[in-house]
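These are the residues of each chain, in order.
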Amino acid sequence: MQNFRVYIILFLLFPLMIFADDGSKLWLRFPNVKKGISADKIISKGKNPTLDIAKNELTDLWQGQAVELRTETALKNLKDGYTIKSTSDKITISSSKEIGLLYGVYHILRLQETKSNLENLNITEKPSYDVRILNHWDNLDGTIERGYAGHSLWKWEDLPGKISPRYKEYARANASIGINSVVLNNVNASPNMLRRDYLEKVKILADIFRPYGIKVYLSVNFSSPKVLDGLENSDPLNKNVQNWWKGKASEIYKLIPDFGGFLVKANSEGQPGPQDYGRTHADGANMMADALKPYNGIVMWRAFVYSPSNEDRAKQAYLEFVPLDGKFRDNVIIQIKNGPIDFQPREAFNPLFGALKKTPEMVEFQITQEYLGFSNHVVFLAPLFKENLDSDTYSYGKGSTIAKLTDGTLMKNKITAISAVANIGEDTNWTGHHFAQANWYAFGRLAWNHDLSSEQIADEWIKMTFTDNQDFVKPVTEMMLSSRETAVDYMMPLGLHHIFASGHHYGPEPWGDYKNGRPDWSPVYYHKADANGVGFDRTKTGSNAVSLYFPPLNETYGNIKTTPENLILWFHHVPWNYKMKDGKTLWEELSYKYDSGVKNVRDYQKIWDKLKTYVDEDRFTFVQSKLKIQEKDAVWWKDACLLYFQTFSKMPIPNDIEKPVHELEDLKKIKLNMGHHN
Ligand code: BDP
């Protein structure tokens, strides 16, 4: 009888139980879908692998009325875009390209999964950028530079013979958010990437990705001609070298007719480049551009250069590239990190944006959380991406945002592109943290439409990845939207930057002062704390990096009173007792910021704990334990930074904030074994 009762209870509860979810399906879960519409409810002409995928997605997943997929040449100006129109019995998706139809199918599936209104649809979509590209920093040995989700997805050893099912899943996930290009390998590129046997492996990946509208690109090592084929040098003005690249391009395009092009890190952090031969970045980029031109390939040449000089690192990309403006071929685009230092929790935007008037520019973001707690911290990056894209550079007067400079609105670029360093690895959940999937998603969505708000992106992602129950969606949206600012607060508030432990960049090391390395690899170089105050003087009295910004920003940032407080220590050396806008001293403000970062993470823990009933057990406990790590790390950051800066300020930590629980000397002894070069 007892047992029987238990069975009855279990039977009644059964529909409410949520099954384990390992995160492998990303935002493409479709938990309530068993089968889609029947094939005879799909109207379409012609046969094509991309169209086949679109139809299969509908027969597998679409729960609504009949769907017509129409290719319409008249819609060419929408590029990869599409229109969606609905009547009560039919939805019509039209595009000039098959890939546009597939994107349209993912659009209606998203509407279905987010329970959006499907009546009277009249939608027109056109992507903000032509090239929406993920940069993988994957090495040929399977490791990933700055990767926190396990080893590389690409099984070079197994290719071309053995094919992982995840290649297709990866391509599908990207297509579902509009990503259409990928760089397969690390910018610190091995010359071997261009070896024949590797190119044959690359071809297989390109073949798998093609029906999903994805083009393959490669990072190339500038010394490849010399290293791979024993040429006397790799000088871009040497005819033999130029011919080598032409031959290589022709070899690649025979295997991969729609190959995208090259990404190049040259003369940066020890990588070879044209300057090794007294040539310029333009000489190097143009040589490759000429080789790729006959096949419509492009060169994405990175501006992430800083030499071991006394010049402020924040000025170096600008100083290097501005004199070269106008000297690049039209199939070269300069890829610029959002900030002038290196993917910090918050940076001022890179002043190179808008400074090149004759050369197309593209943004490089970092999705992988090198400087944001790896795959341990919840940090939703849409607000960071938006903050950068919406920054007004004033280069063509008011309203010259980075978005408009790079998307072809202000400069009639032949190619428009946007990129980000991927956070994807072979972990079952792809990104090492369920919430890190949201950053992959957010990049794709913004690359498609940079006008989307962070709220909307979070809302869609949560509904598709977890549940559309408002009791879950609301608090989780709030957590996600505030999470980037929270991380800034517990790590580097008020414009502090690069005070990470050297090498791995995980924890705090504001005391780091590596006398035998380059000065700009030491945290003390960036915060410059002393008895008077803290912060990097980039005004006229200091490095004068402010002068690189267009008016009125040079004045705004040059004046401590008009500099936004969230960047005050980026641009100024500020006295400890400086009065902030809220009346607190700088020291107090800093203390409260660190404290509020910690408090917010604790709030996230409380929020998450209350949501147990809406999430499967696996993901619930996974996120719960990651939040514990994040909380411990936040306290570690706060204690390390406040105790260390206090040795200069000599001021008390305000009474109403939690006292440090660590000793500074103990924190200084922490050496994580995570190894990395800088
Ligand atoms: C930094 C990373 C380093 C990269 C470099 C780059 O620490 O591993 O190689 O950027 O972007 O963020 O080239």
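Small disclaimer: the values here were computed from a predicted structure and weren't measured.

Calculation rules
Residues numbered from 1 in each chain as written. Predicted model: local features only at pLDDT ≥ 70, side-chain atom pairs only at ≥ 80, totals over all residues. Heavy atoms only, no water. Salt bridge = Lys/Arg side-chain N within 4 Å of Asp/Glu carboxyl O. Helix = DSSP H or I, 4+ residues; strand = E, 2+ residues; numbered from the N terminus. Buried < 20%, exposed > 50% of the residue type's maximum accessible area, 1.4 Å probe, protein only. Domains from an automatic or database assignment. Contact = heavy atoms within 4.5 Å. 1 Å grid on protein atoms, 1.4 Å probe; cavity = no way out; pocket = protein on both sides within 12 Å on 5 of 7 lines; lining within 4 Å. Points joined across faces, edges and corners; volume = space filled by probe spheres on them. Nonpolar A, V, L, I, M, F, W, Y, C, P; charged D, E, K, R; others polar. Pairing = 2+ DSSP bridges. Axes fitted to C-alpha atoms, helices over the stretch in contact; angles between N-to-C directions. Parallel < 35°, antiparallel > 145°, perpendicular 65-115°, else oblique. Left-handed = near helix turned anticlockwise from the far one by under 90°. Core = buried A, V, L, I, M, F, W, Y, C linked by side-chain atoms within 4.5 Å. Near = heavy atom within 4 Å. Polar contact = N/O pair within 3.5 Å; in protein donor to acceptor, adjacent residues only side chain to side chain. Areas by Shrake-Rupley, 256 points an atom, 1.4 Å probe, with all protein chains shown as cover. Sits in = over half its atoms within 2 Å of the grid points. Patch = residues over 30% accessible without salt bridge, like charges linked within 9 Å, V, L, I, M, F, W, Y side chains within 5 Å.

Caption draft 1: Examining the pattern of salt bridges more closely. Under the defined criterion, the tally for this structure stands at 50 salt bridges. Glutamate 364 serves as the salt-bridge partner of arginine 302, at 2.7 Å between the closest nitrogen and oxygen. One end of the pair, arginine 302, is in strand 10 (residues 298-302); the other, glutamate 364, is in strand 12 (residues 361-366), with 62 residues separating them in the sequence. Note on arginine 302: relative accessible area 2%, which makes it buried. Residue lysine 668 is joined to glutamate 665 by a salt bridge in which the shortest nitrogen-to-oxygen separation is 4.0 Å. With lysine 668 and glutamate 665 both in helix 20 (residues 664-669) and 3 residues apart, the pair spans about one turn of that helix. Note on glutamate 665: relative accessible area 48%, which makes it partly exposed.

Caption draft 2: View of the domain arrangement of the chain. In terms of domain boundaries, the chain breaks down into domain 1 (23-125), domain 2 (131-453) and domain 3 (488-536 + 573-668). Here the C-alpha centre of domain 3 lies 46 Å away from the C-alpha centre of domain 1.

Caption draft 3: Helix 4 (residues 166-176), seen in detail. Taking burial as the measure, the 11 residues of helix 4 include 8 buried ones, the bulk of the element. Considered for burial, the residues of helix 4 that qualify are Arg166, Tyr167, Tyr170, Ala171, Ala173, Asn174, Ala175 and Ser176. Here the buried face of helix 4 lies against helix 3 (98-113), strand 6 (131-135), strand 7 (181-183), helix 5 (196-209) and helix 12 (437-448). Looking one or two residues past helix 4, glycine 178 carries a phi angle of roughly 90°, positive in sign.

Caption draft 4: Structural view of empty space enclosed by the protein. Evaluation of the coordinates by the stated rule reveals 7 cavities of 30 Å³ or more. Lining the largest cavity are 15 residues, and of these Trp137, Glu145, Glu269, Lys337 and Asp342 sit closest to its centre. Counted by class, the lining of the largest cavity contains 4 nonpolar, 3 polar and 8 charged residues.

Caption draft 5: Spotlight on the side chain of serine 454. Here serine 454 lies in helix 13 (residues 454-465). Ignoring sequence-local partners within four residues, the contact set of serine 454 consists of Phe380, Ala382, Pro383, Lys386 and Leu481.

Caption draft 6: Broad picture of the sheet that holds strand 8 (residues 215-219). Read once around its circumference, the closed barrel built from 8 strands follows the order 6-7-8-9-10-11-12-13, with strand pairing classed as parallel. The average undirected angle you get between the axes of adjacent strands in this sheet is 25°. Pairing geometry for strand 6 and strand 13 (residues 417-421), over 5 bridges, is parallel. Its bridge partner lying in strand 13, valine 131 is registered against alanine 417. Packing against the sheet, helix 8 (residues 281-292) makes contact with strand 9 (261-264), strand 10 and strand 11 (332-337), and its axis sits at approximately 160° to strand 10.

Caption draft 7: Structural view of the packing of helix 12 against helix 13. The contact between helix 12 and helix 13 brings their axes to 10 Å, and the two run at 130°. In terms of axis orientation, helix 12 runs oblique to helix 13. In the crossing of helix 12 with helix 13, the sense of the turn from one axis to the other is right-handed. For the pair helix 12 and helix 13, the contacting residues are Gln437, Ala438, Tyr441, Ala442, Arg445 and Leu446 in the first and Ile457, Glu460, Trp461, Met464 and Thr465 in the second.

Caption draft 8: View of the nonpolar core. With 214 residues, the main nonpolar core has Phe209, Trp301, Trp440, Trp608 and Phe645 as its most contacted residues. Among the elements that take part in this core, helix 19 (residues 617-649) stands out by supplying 13 residues, more than any other. In contact with phenylalanine 645, other than residues within four places in its own chain, are Leu496, Ile499, Pro510, His527, Ala529, Val534, Trp576, Trp587, Leu590 and Tyr594.

Caption draft 9: Geometry of the site of the ligand. Near the ligand lie 16 residues; those nearest to it are Glu145, Lys265, Arg302, Lys337 and Glu370. Contact distances for the ligand include 2.3 Å between an oxygen atom and a side-chain N or O atom of glutamate 145. Within the complex, 100% of the 320 Å² of free accessible area of the ligand lies under protein. Judged by its atoms lying within 2 Å of the grid points, the ligand is housed in the largest cavity. Here the shell around the ligand is built from residues that sort into 5 nonpolar, 3 polar and 8 charged.

Caption draft 10: Highlighting the sheet that holds strand 2 (residues 66-71). If you walk across this open sheet you meet the 5 strands as 1-2-4-3-5, and the pairing is mixed. At either margin of the open sheet sits one strand with a lone partner, and together these are strand 1 (42-44) and strand 5 (122-125). With strand direction ignored, the average angle separating the axes of adjacent strands in the sheet is 15°. Note: strand 1 against strand 2, 3 bridges, orientation parallel. Along strand 2, the bridge assignment pairs isoleucine 43 with glutamate 68.

Caption draft 11: View of the side chain of threonine 50. Along the polypeptide, threonine 50 turns up in helix 2 (residues 49-61). Judged by relative accessible area, threonine 50 falls into the buried class, the value being 9%. The contacts of threonine 50, once residues within four sequence positions are left out, are Glu98, Ile99, Leu102, Arg210 and Pro211.

Caption draft 12: Structural view of the packing of helix 18 (residues 586-609) against helix 19. Remark: helix 18 packs on helix 19, axes separated minimally by 9 Å, with the N-to-C direction vectors making an angle of 170°. By the angle between their directions, the pair helix 18 and helix 19 is classed as roughly antiparallel. Residues that form the contact of helix 18 with helix 19 fall into these classes: 16 nonpolar, 6 polar and 7 charged.

Caption draft 13: Broad picture of unusual backbone geometry. Between leucine 159 and proline 160 the backbone carries a cis peptide bond, its omega angle lying at 0°. Summarising the element assignment, proline 160 is placed in the loop between strand 6 and helix 4. Residue proline 552 follows proline 551 across a cis peptide bond; omega there is 5°. Here proline 552 shows up in the loop between strand 14 (533-534) and helix 16 (553-558). A positive phi is found at lysine 79, a non-glycine position, where the angle reads about 55°. Here lysine 79 is to be found in the loop between strand 2 and strand 3 (82-86).

Caption draft 14: Up close: the pairing of strand 6. Among the 5 residues of strand 6, 5 are classified as buried, and the element is accordingly described as predominantly covered. Neither face of strand 6 is open: one carries Val131, Ile133 and Asn135, the other Arg132 and Leu134, and all of them are buried. Note that strand 6 and strand 7 share 3 bridges and pair parallel. Bridged to isoleucine 133 within strand 7 is serine 181.

Caption draft 15: A nonpolar patch on the surface, seen in detail. Together, Ile670, Leu672 and Met674 line one region of the surface with nonpolar side chains, adding up to about 210 Å² of accessible area. Take methionine 674: its relative accessible area is 37%, and that puts it in the partly exposed class.

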